[in-house]
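Each chain, letter by letter, is given below.
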Amino acid sequence: MALFTSKKPIVYFFLGFLLLFQAMTVVAATMDEEELLIDFLWQKYLLLPAAERPKVALVLGGGGARGLAHAGVIQVFSEEHIPVDIIVGTSVGALIGSLYAADVPADTIVDMAQNMTWNKLVSFKISPVGLYSTKRIEEYVTKYIGNKRFDELKIPFACVAVDIRNGEKIILKEGQVAPAVRASATMPGLFQPVEYRHRLLMDGGIIDNVPADVAKLMGADIIIVIDVTAQVGIAKTNNALLILSQVIYIRGNFLAEEQLKLADLVISPDIKNITVSELNRGAECVDAGIIAARAKARQIKKVILNKVWDKLQ
Amino acid sequence: MNKNTWLCLIFLLLAMPVHISVAADRELKALLVQAQEAEQKKDFTAAIEYYQKALDQDYQPGKINLALGRLYLAVGNDTEAEKHLLKALGQKLHKGDQLSAHELLGTVNYHQQNFVQAMGHFKDCLELKRNYEPAYLGLAKIYKDVKMYPEALQELEKISKSKKLKSEYNLTIGLLYRDWGLYQKALKALLQVIGKEPTNIEAHLALADIYYRKKEYSQALGELQYIASLQPQGKIFRYIALCLFYLQEEEKAIATLLEAIKIEPNEYLNYAIGGLVYSTAADWQNAKNQFTRSLDMNPQSALVLIGRGWCERQLQQNQNAIADFQKVLELKNESWMRDVAQSNITILTSTVP
């Protein structure tokens, strides 16, 4: 903000140039044939039978509290009437993705994200493998979607966890949803691993923080990734949880690079100063998600429409 | 002439200028009173005339130029407003009047999208009077318009508790949230404006815009019809037609477009939208006619060329269709419309023997 309060001529010159450029953009934006055409075609697109539409996958990455931005993105998808055919998530992405897949209204998901606390997700329970139990994640998901199984969800959904006994990446897409989500969102160190179908599972972010490849496996034609990966350069490292999550996200970022190449479009909410543990900043994350998704909505529609020209006439 | 006669003559000669001066002063005061009364009655043109006459008498020209600047701004003559306000600032003015002059100049420049100058004047206001709320509002509007939304929000936060500017604050923050894409927050703020000022057109227009973007066409239609009842404009009727079209009320949409044509007979979009409506009903010939009329008014419209190309394709006039799509490619336009035209050419050339 110092830029805008300074009186130095050079700063005014720069600001003047910026404002002039922006003013030109404002004038240019007044007539929008493209928007008119997209709206018109989108209406036609929504009338196409599902089988004739490309399969659109939403990949919700891991990122702790930062992942609450997913709720904002989902709200925009709902408001813009962008149908989603496949949802894949890791960690917090699994948590929010499971709710969307179960047809929980976007407004409810937003409300949930804005009021999230650690107390709703974990409870203090000392054991040799961790200080906190994530049983409450399971209860939390159950509260919203009941004891639904994957095959009962409205939108096909999968989430990713890792078996810490053998390092295997586990794609969870069968059986009950809530325990799978819990496993996908259980960070190592402070949280206790989850026994699930004879496996010992932990956070999917360890092995695949942005599982675009899973979306591909599930038959996606268009992959849209919501990337909330931690900005490792600004993370706080003043307690054990933050240090451990930092280790996970350094690795996660490295692994995400390849996965992002599979994406047709990446939505990156501007949440750079929010750390993985700041669940109390859910409202900010949601807004960032809405802003980022809204800015990309037109582009998303273009990418989708480009796949169906022959069917729209 | 005796001594007394001389004395009377001298007295009369001395008293004449005083008499003339008193008469001029009375006339000036009468003019200023008339000007103020006219301004209060919102008869701005009359007020301008009175102030112009007063200005000729060269009495407190700074104050009168300031008043003229304010009045020209009220009647939408920004050029004259700026001229008088700049004159006023160069003349003798009290601090309070200087503040008003800078605020009004900020507003004039903002209207003209001279954002750098506008910002300078609002900052001058803040130097003359710390925490001057209208200046923060002015700065917020500039930041909003140039899409520097966090900065705009920061300025608005400084007046969030202002009672005097409550409605302006809500309107600006509503518009800011709308432009930023935060529709729920925008709706909340704009509905508060409507709650206080039910006929605030700008707020109704912004609400209509948000509902339209959210594809809540019934609600958008309600807002637009209300606006049209107060201010019938071609653009509003076009949006009403679009809402009706998306609500699958094609006949009403066409009827509404006719209303738009009555107001703006040469607006190409009236016919372009008509073309889209007819093409949805698969009435290809009528659609093509509409697009052709639209192109007569704006031959550079990519939207209309694409629309006509589609109709021609349906009417088995593939060569014409290819020619129209080709014209889109020739437009100096790097937009997605080119991709649309190219895709259609590819489809057509693969089907044309």
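Note that the structure is predicted; figures quoted are calculated from it, not measured. (Residues numbered from 1 in each chain as written. Chains lettered and ligands numbered in written order. Predicted model: local features only at pLDDT ≥ 70, side-chain atom pairs only at ≥ 80, totals over all residues. Heavy atoms only, no water.)

The helix and strand inventory of chain A stands at 11 helices and 10 strands. Long-range contacts, defined as pairs at least 24 residues apart, comprise 76% of the intrachain contacts of chain A with a sequence gap of at least 6. Accessible area for chain A stands at about 13200 Å²; split by element, carbon and sulfur atoms hold 57% of it. (Helix = DSSP H or I, 4+ residues; strand = E, 2+ residues; numbered from the N terminus. Contact = heavy atoms within 4.5 Å. Areas by Shrake-Rupley, 256 points an atom, 1.4 Å probe, with all protein chains shown as cover.)

A word on the overall build of chain B. Each helix and strand counted, chain B has 19 helices and zero strands in total. Expected size for 353 residues packed as a compact globule is a radius of gyration near 20 Å; at 30 Å, chain B overshoots this value by more than 25%. Taking the principal axes of the C-alpha coordinates as reference, chain B spans close to 120 × 50 × 35 Å. Out of the 353 residues in chain B, the part that is buried amounts to 49%. (Rg over C-alpha atoms; globule rule 2.2 N^0.38 Å. Buried < 20%, exposed > 50% of the residue type's maximum accessible area, 1.4 Å probe, protein only.)

What follows covers the pattern of salt bridges. Residues and elements named next belong to chain A. Scanning the model with the defined rule gives 41 salt bridges over all chains in all. The residue D103 makes a salt bridge to K154 at a minimum N-O spacing of 3.8 Å. With D103 in the loop between α5 (92-101) and α6 (106-114) and K154 in the loop between α7 (135-145) and β5 (157-163), the pair connects residues that are 51 residues apart, well separated along the chain. Take K154: its relative accessible area is 61%, and that puts it in the exposed class. (Salt bridge = Lys/Arg side-chain N within 4 Å of Asp/Glu carboxyl O.)

Here we take up the side chain of D39 of chain A. Following the sequence through the fold, D39 of chain A ends up in helix α3 (residues 33-46). Excluding its chain neighbours within four sequence positions, the residues that come into contact with D39 of chain A are Y212, K215 and Y246 of chain B.

Accessible area lost upon the coming together of the parts is a frequently used measure of interface size. With 49 residues of chain B at the contact, the number on the chain A side is 41 residues. Surface buried jointly by chain B and chain A totals about 4100 Å² across both partners, of which 64% is contributed by carbon and sulfur atoms. Across the chain B-chain A interface, the total number found is four salt bridges. Residues E35 of chain A and R213 of chain B are paired through a salt bridge, measuring 3.5 Å at the closest nitrogen-oxygen approach. Taken together, chain B and chain A are joined by 11 residue pairs in polar contact (both at pLDDT 80 or more). The residue inventory of the side of chain B that touches chain A, partitioned by class, reads 27 nonpolar, 12 polar and 10 charged. (Buried area = accessible area lost by both parts, 1.4 Å probe. Polar contact = N/O pair within 3.5 Å; in protein donor to acceptor, adjacent residues only side chain to side chain. Nonpolar A, V, L, I, M, F, W, Y, C, P; charged D, E, K, R; others polar.)

Our next topic: the side chain of S133 of chain A. Residue and element names in this part refer to chain A. As for its position among the elements, S133 is in strand β4 (residues 130-133). Given a relative accessible area of 5%, S133 falls into the buried group. Here the side chain of S133 touches K135 through a polar contact of 3.0 Å, landing on its backbone nitrogen. When sequence neighbours within four positions are dropped, the list of residues in contact with S133 reads L121, V122, S123, K125, R182 and Q192.

We now examine the nonpolar core. One finds F77, F157 and L172 of chain A to be the most contacted residues of the largest nonpolar core, which totals 183 residues. Among all residues touching F157 of chain A, those that are not within four sequence positions of it are I87, G89, A94, G97, S98, A101, F150, L172, K173, V177, V181 and M218 of chain A. Among the nonpolar cores identified, the runner-up in size contains 26 residues, and L28, L32, A46 and L93 of chain B belong to it. (Core = buried A, V, L, I, M, F, W, Y, C linked by side-chain atoms within 4.5 Å.)

Residue and element names in this part refer to chain A. Backbone geometry places S91, a non-glycine residue, at a positive phi of 55 degrees. With respect to the element layout, S91 can be found in the loop between β2 (86-90) and α5. Positive phi, close to 50 degrees, is recorded for R197, a residue that is not glycine. The topology assignment puts R197 in the loop between β7 (194-196) and β8 (199-203). Since its relative accessible area comes to 51%, R197 is described here as exposed.

A few words now on the environment of Q290 of chain B. The topology assignment puts Q290 of chain B in helix α16 (residues 284-297). When residues no more than four places from it in sequence are discounted, the contact partners of Q290 of chain B are Y271, G274, G275 and Y278 of chain B.

Applying the stated rule across the entire model yields 15 aromatic pairs over all chains. Plain terms: the ring middles of W118 of chain A and F191 of chain A are 6.1 Å apart, the flat faces sit at 45 degrees to each other, and that makes the pair tilted. Placement of the pair is W118 of chain A in the loop between α6 and β3 (123-127) and F191 of chain A in the loop between α8 (177-184) and β7, with a sequence separation of 73 residues. The partly exposed category is assigned to W118 of chain A, whose relative accessible area is 27%. Here the aromatic rings of Y212 of chain B and Y239 of chain B are separated by 5.3 Å at their centres, their planes lie at 85 degrees, and the arrangement is edge-to-face. With Y212 of chain B in helix α11 (residues 201-213) and Y239 of chain B in helix α13 (residues 234-246), this residue pair connects regions lying 27 residues apart in the sequence. (Phe/Tyr/Trp six-rings, centres within 6.5 Å; stacked < 30°, edge-to-face > 60°.)

Residue and element names in this part refer to chain B. Relative orientation of the contacting elements helix α10 (residues 183-196) and α11 amounts to 150 degrees, with a least axis distance of 9 Å. Regarding the angle of α10 to α11, the classification is roughly antiparallel. The element α10 and its partner α11 pack so that their crossing is left-handed. Here α10 contributes Y183, A186, L187, L190, L191, V193 and I194 to the contact with α11, which in turn contributes A203, H204, A206, L207, I210, Y211 and R213. (Axes fitted to C-alpha atoms, helices over the stretch in contact; angles between N-to-C directions. Parallel < 35°, antiparallel > 145°, perpendicular 65-115°, else oblique. Left-handed = near helix turned anticlockwise from the far one by under 90°.)

Here we come to a nonpolar patch on the surface. A surface patch of nonpolar side chains, amounting to about 330 Å² of accessible area, comprises F124, I126 and L131 of chain A. Tracing the backbone through its elements, the reader meets F124 of chain A in strand β3. (Patch = residues over 30% accessible without salt bridge, like charges linked within 9 Å, V, L, I, M, F, W, Y side chains within 5 Å.)

The next point concerns the confidence of the model for chain B. Residues and elements named next belong to chain B. When the pLDDT values of chain B are averaged, the result is 90; 93% of them are 70 or greater. The weakest mean pLDDT in chain B belongs to helix α1 (residues 3-40) at 69; the strongest belongs to α16 at 97. Scored as a whole, the predicted complex attains pTM 0.84, and scored at its interfaces, ipTM 0.81. (pLDDT = per-residue confidence, 0-100.)

Residues in a regular strand project their side chains so that they alternate between the two faces of the sheet. Bridge count for β5 of chain A against strand β6 (residues 168-172) of chain A is five bridges, and the pairing is antiparallel. Across the sheet, A161 of chain A pairs through a bridge with I170 of chain A, a residue of β6 of chain A. (Pairing = 2+ DSSP bridges.)

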